[in-house]
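Residues per chain, in single letters:
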Amino acid sequence: MSRVDDQPLLVVSDLQVEFRTSDGVAKVLNGVSYHVDAGETMAVLGESGSGKSVTAQTIMGILDTPPAHVTGGSVRFHGEDLLTVSPERRREVRGSGIAMIFQDALSALNPVFTIGFQIAEQLRLRQGMTRREARRRTIELLDLVRIPHAARRVDEYPHEFSGGMRQRAMIAMSLALDPEVLIADEPTTALDVTVQAQIMDLLKEIQDERQMGLILITHDLGVVAEVADRIAVMYAGRIVEEADARSLYRRPAHPYTEALLDSIPRLDLKGQQLRTIRGTPPSLLNVPPGCPFHPRCPRAAEPCRTTLPTRVALGVGRASACHFAEEVVSRG
């Protein structure tokens, strides 16, 4: 992987975020750490509420405060901690250094402005382009993401685009300032399978051309298997396993990861009941003692109920927060 000064492009270290509400304090992120290199795809997996999107919003500096409060950790982009810089510097990095594709394009796009206006606006404000220059560049970006008849559709509104075309417009908007890191938060949610594949192929092609670091937030294990270099699995605000994609799919070291993989429909199990993970994720207002996954874990033992497991290194680039991770991997 390409690096600058032998450092990853983006390093998230021991990130801690809590939401202070009338019902109490919810510790949404509890020591989240991962990194992404130039040209690399880091996939972040986990059920809804595990902290995937909150991590991304913290990186981008767009958390609503209150109720959210960052209580610890760092987010370093080219070695610069974005959590300690001025608001002005944070705005400089946002878009041009790190950009984000939001989960729901219809909600993220302003319905009263044309697609072209929303893309061109940041080109005029951030890069000082004239209206004519910004319009020409906007059409080029819409062409880049393969929106047909871009010169005409640049003047259309979000509601005039299909779901797949809106997502392409969101990608064009996120690429407008040539970011080095792109965060894609559930970029294929609510799209049919064919459009999903087109969107992911498009992202991969653009990433390869620009050598961007890509953080892919998703719950779609099929998509991850196709595109990810490394995977971080989140549960209850923690990363419970991190590994390269091949190792994780071949031999998961955490029972939660194993349960996620087992829940994927398989052709060789046709006619059999689909495996599920029993129970529900814990309330972040009242996380159980010990391992947060132990009430749902079929292998839970006494240490799991009383002692929070730390992440154990299982080789180069691989770690798991399970008391029995080393035993599981050694059996594999």
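Throughout this document, residue positions are counted from 1 along each chain, in the order its sequence is written. Predicted model: local features are reported for residues with pLDDT of at least 70 only, side-chain atom pairs are reported and counted for 80 or more only, and whole-chain, interface and lining totals are derived from all residues. Side-chain metrics in this entry use all non-hydrogen atoms of the structure; hydrogen atoms and water are not considered.

The name recorded for the chain in an unreviewed UniProt entry is ABC transporter ATP-binding protein, from Longimycelium tulufanense. UniProt positions are given in the numbering used here, feature names are shortened, and annotations may be inferred rather than shown by experiment. In its Sequence similarities (unreviewed entry) section, UniProt records this for the chain: "Belongs to the ABC transporter superfamily." Under the Subcellular location (unreviewed entry) heading, UniProt states for the chain: "Cell membrane".

In this section: the sheet that holds strand E4 (residues 68-77). Read across the open sheet, the four strands follow the order E2-E1-E4-E5; overall the sheet is antiparallel. What marks the edges here is a single partner per strand, and that holds for strand E2 (24-36) and strand E5 (80-81). Strands are treated as partners if at least two bridges between them are detected by DSSP. Note on conventions: DSSP H or I runs of at least 4 residues are helices, E runs of at least 2 residues are strands, and numbering of each starts at the N terminus. Bridge analysis of E4 against E5 gives two bridges, and the strand direction is antiparallel. From the neighbouring strand, Arg76 faces E5, where its bridge partner is Asp81.

With respect to the helices and strands, Glu186 occurs in the loop between strand E7 (181-185) and helix H8 (193-210). The classification of residues rests on relative accessible area computed with a 1.4 Å probe and restricted to protein chains. Under 20% of the type maximum is buried, over 50% is exposed, and intermediate values are partly exposed. Positive charges come from Lys and Arg alone, negative charges from Asp and Glu alone, with His and the N- and C-terminal ends not counted. Note on definitions: salt bridges are taken to be side-chain nitrogens of Lys or Arg within 4 Å of carboxyl oxygens of Asp or Glu. Although Glu186 is buried, it makes no salt bridge; Lys52 carries the closest opposite charge, 4.7 Å away. Think of a polar contact as two N or O atoms within 3.5 Å of one another; within protein, one of them needs to be a possible hydrogen donor and the other a possible acceptor, and neighboring residues in sequence only count if both atoms come from side chains. A polar contact of 3.0 Å, which involves the side chain of Glu186, links it to the side chain of His219. Leave out the neighbours within four places in its chain, and Glu186 touches Lys52, Gln103, Gln167, Ile217, Thr218 and His219. Contacts are assigned to residue pairs that have any heavy atoms within 4.5 Å of one another.

Buried and open spaces are told apart on a 1 Å grid over the protein atoms alone, a cavity being a set of points where a 1.4 Å probe fits but cannot get out and a pocket being an open set with protein on both sides within 12 Å along at least five of seven lines. Residues with an atom within 4 Å of a point are the lining residues. Grid points are joined across faces, edges and corners, and a volume is the space filled by probe spheres set on the points. Inspection of every chain in the model, using the stated rule, returns two cavities of 30 Å³ or more. The calculated volume of the largest cavity comes to roughly 90 Å³. Around the largest cavity, the lining residues are His254, Pro255, Cys291, His294, Cys297, Arg299, Ala300, Cys304, Pro309, Cys322, His323 and Phe324. Class assignment of the residues belonging to the lining of the largest cavity gives a composition of eight nonpolar, three polar and one charged. Estimated volume of the second largest cavity: approximately 30 Å³. In terms of lining, the second largest cavity is formed by Thr41, Met200, Leu203, Lys204, Gln207, Leu214 and Val227. For this classification, the nonpolar set comprises Ala, Val, Leu, Ile, Met, Phe, Trp, Tyr, Cys and Pro, the charged set comprises Asp, Glu, Lys and Arg, and every other residue, Gly included, is treated as polar.

The next thing to look at is the packing of helix H4 (residues 115-127) against helix H5 (residues 131-144). The angle between two axes is taken between their N-to-C directions and runs from 0 to 180 degrees, where each axis is a line fitted to C-alpha atoms and a helix contributes only its stretch in contact. Two elements in contact, H4 and H5, have axes whose closest approach is 9 Å; the angle formed by their N-to-C orientations is 120 degrees. Comparing their axes, H5 and H4 come out oblique. H4 and H5 meet at a crossing whose hand is right-handed. Residues Ile115, Gly116, Ile119, Ala120, Leu123 and Arg124 of H4 pack against Arg131, Ala134, Arg137, Thr138, Leu141 and Leu142 of H5. Of the residues contributing to the contact of H4 with H5, the split by class is seven nonpolar, two polar and three charged. Each angle gets one of four labels, with under 35 degrees taken as roughly parallel, over 145 as roughly antiparallel, 65 to 115 as roughly perpendicular, and the rest as oblique. Crossing handedness is read from the near helix: turned anticlockwise from the far helix by less than a right angle, it gives a left-handed crossing, and turned clockwise, a right-handed one.

Quick look at the pattern of salt bridges now. Under the definition given, this model contains 19 salt bridges. Taking the shortest distance from any N to any O, the salt bridge between Asp178 and Arg210 comes out at 2.9 Å. One end of the pair, Asp178, is in the loop between helix H7 (163-175) and E7; the other, Arg210, is in helix H8, with 32 residues separating them in the sequence. Owing to a relative accessible area of 27%, Arg210 belongs among the partly exposed residues under this scheme. The partner of Asp208 in a salt bridge is Lys204, with the nearest N and O atoms 3.5 Å apart.

Attention now goes to the pairing of strand E10 (residues 238-244). Burial analysis of E10 places five of its seven residues in the buried class, which makes it a mostly covered element. With antiparallel pairing between neighbouring strands as the criterion, strand E9 (residues 230-235) and E10 make up a hairpin whose turn holds two residues, including Ala236 at a positive phi of roughly 55 degrees. Bridge count between E10 and strand E12 (residues 318-320): two bridges; the pairing is antiparallel. Looking across to E12, one finds that Glu242 is bridged to Ala319.

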